[in-house]
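# Commentary on secondary and tertiary structure
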Amino acid sequence: MPRSGRNRWVNLLRLWSRGGFQDFHRRMEGGFRRLGPVYRDRVGSLDCVNVLLPRDAAQLLRAEGPFPRRMGIAAWSEHRALRDHRCGLFLLNGPAWRSDRLALNRAVLSPSGARRFLPLLDAVARDFARALRGRVRDTPGGTLTIDPHPLLFRFTLEASSYALYGERLGLLGGSAAGGAQRFLGALEEMLQTTLPLLFLPPPLLRLHPPLWQRHLRAWDTIFRHADENIQRIYREFCRGGPGGGPGGVPGGVLAELLLQGQLPLPSIKANVTEFTAGGVDTTAIPLLFTLFELGRNPGVQHALREELRAAGGVPGGIPEKGPGVPGGSRPLPELLGALPLLKAAIKETL
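Scoring rules and cut-offs
Residues numbered from 1 in each chain as written. Predicted model: local features only at pLDDT ≥ 70, side-chain atom pairs only at ≥ 80, totals over all residues. Heavy atoms only, no water. UniProt positions renumbered as here; feature names shortened; annotations may be inferred. Salt bridge = Lys/Arg side-chain N within 4 Å of Asp/Glu carboxyl O. Helix = DSSP H or I, 4+ residues; strand = E, 2+ residues; numbered from the N terminus. Buried < 20%, exposed > 50% of the residue type's maximum accessible area, 1.4 Å probe, protein only. Axes fitted to C-alpha atoms, helices over the stretch in contact; angles between N-to-C directions. Parallel < 35°, antiparallel > 145°, perpendicular 65-115°, else oblique. Left-handed = near helix turned anticlockwise from the far one by under 90°. Contact = heavy atoms within 4.5 Å. Nonpolar A, V, L, I, M, F, W, Y, C, P; charged D, E, K, R; others polar. 1 Å grid on protein atoms, 1.4 Å probe; cavity = no way out; pocket = protein on both sides within 12 Å on 5 of 7 lines; lining within 4 Å. Points joined across faces, edges and corners; volume = space filled by probe spheres on them. Pairing = 2+ DSSP bridges.

- Under the annotation held in an unreviewed UniProt entry, the protein carries the name Cytochrome P450C11 and is attributed to Zosterops borbonicus.
- Reading the Subcellular location (unreviewed entry) entry of the UniProt record for the protein gives the comment "Mitochondrion membrane".
- Its UniProt record gives the protein the following Cofactor (unreviewed entry) comment, quoted word for word: "heme".

## What about the pattern of salt bridges?
- Counting across every chain of the model gives 18 salt bridges.
- Note that Asp47 is salt-bridged to Arg8, the shortest N-O span being 3.7 Å. Here Asp47 is found in strand E2 (residues 46-51), whereas its partner Arg8 is found in helix H1 (residues 8-17), with 39 residues between them in sequence.
- The partly exposed category is assigned to Asp47, whose relative accessible area is 35%.
- We classify Arg8 as partly exposed; its relative accessible area is 25%.
- With a shortest N-O distance of 2.9 Å, Glu189 and Arg214 are connected by a salt bridge. Note that Glu189 is positioned in helix H9 (residues 178-197) and Arg214 in helix H10 (residues 209-238), a separation of 25 residues in sequence.
- By relative accessible area, which is 22% here, Glu189 ends up partly exposed.

## A few points about the packing of helix H8 (residues 148-165) against helix H13 (residues 281-296)
- Viewed as axis vectors pointing N to C, H8 and H13 meet at an angle of 135°, and their least axial separation amounts to 9 Å. When the axes of H8 and H13 are compared, the pair comes out oblique. Classified by chirality, the crossing of H13 by H8 is right-handed. Between H8 and H13, the contacting residues are Pro148, His149, Leu152, Phe153, Phe155 and Thr156 on the first element and Asp281, Thr283, Ala284, Ile285, Leu287, Leu288 and Leu291 on the second.
- When the residues that make up the contact of H8 with H13 are grouped by side-chain class, the tally is nine nonpolar, three polar and one charged.

## Details of empty space enclosed by the protein
- Overall, the coordinates contain one cavity of 30 Å³ or more when judged by the stated rule.
- For the largest cavity, the calculated volume is near 30 Å³.
- Residue lining of the largest cavity: Ala103, Ala107, Leu257, Gln260, Gln262 and Leu263, and that is the complete set.
- Elements represented by at least two residues in the lining of the largest cavity include exactly helix H5 (94-109) and helix H11 (252-260).

## Observations concerning the pairing of strand E1 (residues 38-43)
- Residues Tyr39, Asp41 and Val43 line the buried face of E1, whereas the alternating positions Val38, Arg40 and Arg42 sit on a face that is not buried.
- Strand direction decides the pairing type here: E1 and E2, joined by six bridges, are antiparallel. Residue pairing across strands places Val43 opposite Leu46, the latter belonging to E2.
- Counted between consecutive antiparallel strands, the loop separating E1 from E2 contains two residues, among which Gly44 sits at a positive phi close to 60°.

Written out as structure tokens, the structure reads:
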């Protein structure tokens, strides 16, 4: 199999000296150009095979079987071991991964499980769109030039936190509480420090003390946020709160998992925490790339907007009357089912 350089540590030194951690995707792009659609990349402790073509990825997924071997993140696993935390789906492999995955499929990851949390995500999406329209209106000439990534990061964190914990952070407008700002900063710090640490084996992590300590503190803040929400939800249960009594409102994924009791509390906390960490940038980046591609393809952008307008999903559309989201438009699952071009655009980006 073609490989990008013979010595993994020389490869790491080259990457480090060129400041290439934030542009690692460009290294992969260059590897595909030079070596073809499948090649092995060894950089420090990272040893992976990169696959470019969808048909090859599909063949690989079919061959993996019930226990796929997923890439580990040594810095995350080392934090769990040091703090005596359980690992969640992002870090587990083998039967332990499958057991947690099956329990979470029913509650969260299946289409029927995810559908229960659509109203929470929809509320955040509407607030986000309203805030952007307000910024456009307040700009002379009605045009706005921005870097959308920080805004999308806040949007996905607000949405995922609401879906996971059943509580808004207030990151989309006004002044968020101090705890929300600390949580946002911890997530940004964790993601920034993960990539450089990705290439070091666990015994060498401590050779870069400032970076390693920043990474540990960020994870500690993220886990503390999960602990605070578990305690809050238990208090609400005692008062007949979200899902805890007649007339209770949806309380998010965490409340659902606590009510079902199919996973022990340490596993619930581990998985919800990893969902928080893994669901922000991995959602913001595809949204950013989708907007970029729509900007480069105005014909597709126009067709997509017409599809949304016909389905009643944008201002000025003619929604069908019926029970569902505020305003008498279609129920959310039905609305999403009427948007094949939207699904295709996001799938093409992925």
